[in-house]
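What the coordinates show
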Amino acid sequence: MTDRAVLLWIHGGGWRARSDEDGAALAPLGLRVVPATYRFAAEACWPAQLDDVRAAARAARATAGGLPLLVGGDSAGATLALHLGLRGVDRPGDVRGVLAYWAPVDPLDPEWRRRRRHDDPWAGLLGHPPAEGDPATVDATVASHLGSGVPVLLVQGRDDAAVPAAQSVGLAGRLLAAGHPAHLWLTHGGHALDLARPDIRAITAAFLDSVLPPA
């Protein structure tokens, strides 16, 4: 299949390790998948990770040959993809779309904090526990950066024990209210689902058809 777009893929792993998911299962949908790396929380605090994936996006765009740029990721990588897509590489709106799979998006979500009170990856990312009114917490919250109109796909397992499904549901509503085309697929299963699973593949293909020129 001819490439329809370049997908910068940002791996998960709680911002402290690299997950096995590399986004390769999305390549048959007409995507040239390019991996991004970033500093882990032990090396640098937020927003160093956003700086790193912006640099990776610029490099991917420079070799894209005019193809549209999409950004995507799983889990913690999906959070970075949302920030990159919504805020832009160099300016808001310069990314064609965001593919975010089981993304934690709200460091102050009470359910998240109840589940992860003894091991909160957000605290490692920020360098301190997230708190109301804290500038770093506000900046790292995805919903602080809406309004560019970039289309977003959110895929979430309703039985996800790592990331409460309500985070994606709530973000979808806020995206729509802010003028973003938002596609939410809330499906069976937990965290780190198979991207090649038929329902996930189908919803991803439908999203791509809505944001890319015909194949």
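In short, a report on the structure.

Calculation notes
Residues numbered from 1 in each chain as written. Predicted model: local features only at pLDDT ≥ 70, side-chain atom pairs only at ≥ 80, totals over all residues. Heavy atoms only, no water. Core = buried A, V, L, I, M, F, W, Y, C linked by side-chain atoms within 4.5 Å. Buried < 20%, exposed > 50% of the residue type's maximum accessible area, 1.4 Å probe, protein only. Helix = DSSP H or I, 4+ residues; strand = E, 2+ residues; numbered from the N terminus. Contact = heavy atoms within 4.5 Å. Phe/Tyr/Trp six-rings, centres within 6.5 Å; stacked < 30°, edge-to-face > 60°. Pairing = 2+ DSSP bridges. Axes fitted to C-alpha atoms, helices over the stretch in contact; angles between N-to-C directions. Salt bridge = Lys/Arg side-chain N within 4 Å of Asp/Glu carboxyl O. Parallel < 35°, antiparallel > 145°, perpendicular 65-115°, else oblique. Left-handed = near helix turned anticlockwise from the far one by under 90°. Nonpolar A, V, L, I, M, F, W, Y, C, P; charged D, E, K, R; others polar.

**Here's the deal with the nonpolar core**
- Within the largest apolar cluster, 43 residues are counted, with the highest numbers of intra-cluster contacts made by Leu-8, Leu-82 and Leu-84.
- Where this core is concerned, the elements lending two or more residues are strand 1 (5–10), helix 1 (48–62), strand 3 (69–74), helix 2 (76–87), strand 4 (97–101), helix 4 (121–126), strand 5 (152–157) and helix 6 (165–177).
- Of the residues forming this core, the biggest block, 7 residues, is contributed by helix 2.
- Discounting residues that sit within four places of it in the chain, Leu-84 has contacts with Leu-8, Ile-10, Leu-50, Val-53, Arg-54, Ala-57, Val-71, Val-89 and Val-95.
- Of all hydrophobic cores here, the second largest spans 20 residues; its members include Trp-9, Leu-193, Ile-203 and Val-211.

**A few points about the packing of aromatic side chains**
- Inspection of the entire model under this criterion finds 4 aromatic pairs.
- Consider the rings of Trp-9 and Tyr-101, whose centres lie 6.1 Å apart with planes at 45 degrees: the pair is tilted. Here Trp-9 is found in strand 1, whereas its partner Tyr-101 is found in strand 4, with 92 residues between them in sequence. The residues Trp-9 and Tyr-101 share a single accessibility class, namely buried.

**Topic: the sheet that holds strand 4**
- The parallel open sheet is built from 6 strands, whose spatial order is 2-1-3-4-5-6. Both outer strands of the open sheet, strand 2 (31–36) and strand 6 (182–187), are each paired with one neighbouring strand and no more. Looking at each pair of strands side by side, their axes are set apart by 15 degrees on average, direction ignored.
- The pairing of strand 3 with strand 4 spans 5 bridges and is parallel. If you follow Val-71 over to strand 4, its bridge partner there is Val-98.
- Across the sheet, helix 1 lies against strand 1, strand 2 and strand 3, angled at about 155 degrees from strand 1, the strand it touches most.

**Observations regarding the side chain of Thr-204**
- Here Thr-204 is to be found in helix 7 (residues 198–211).
- Residue classification places Thr-204 among the buried residues on the basis of a relative accessible area of 0%.
- Apart from the residues lying within four places of it in its own chain, the contact partners of Thr-204 are Leu-26, Leu-29, Leu-99, Tyr-101 and Leu-153.

**As for the pattern of salt bridges**
- Per the stated rule, a full pass over the model turns up 12 salt bridges.
- A salt bridge links Asp-52 to Arg-39, with the shortest nitrogen-to-oxygen separation between them at 2.9 Å. On the criterion of sequence distance, the pair formed by Asp-52 in helix 1 and Arg-39 in the loop between strand 2 and helix 1 is long-range, its members being 13 residues apart.
- What makes Asp-52 buried here is its relative accessible area of 17%.
- Judged by relative accessible area, Arg-39 falls into the partly exposed class, the value being 34%.
- Here Asp-199 makes a salt bridge to Arg-197, at a shortest N to O gap of 2.8 Å.

**Things to note about the packing of helix 1 against helix 2**
- The geometry of helix 1 relative to helix 2 is characterised by a closest axis approach of 10 Å and an angle of 65 degrees between their N-to-C directions. When the axis of helix 1 is compared with that of helix 2, the two are roughly perpendicular. Helix 2 is crossed by helix 1, and the crossing has right-handed handedness. Between helix 1 and helix 2, the contacting residues are Gln-49, Leu-50, Val-53, Arg-54 and Ala-57 on the first element and Leu-80, His-83, Leu-84 and Arg-87 on the second.
- The residue inventory of the contact of helix 1 with helix 2, partitioned by class, reads 5 nonpolar, 2 polar and 2 charged.

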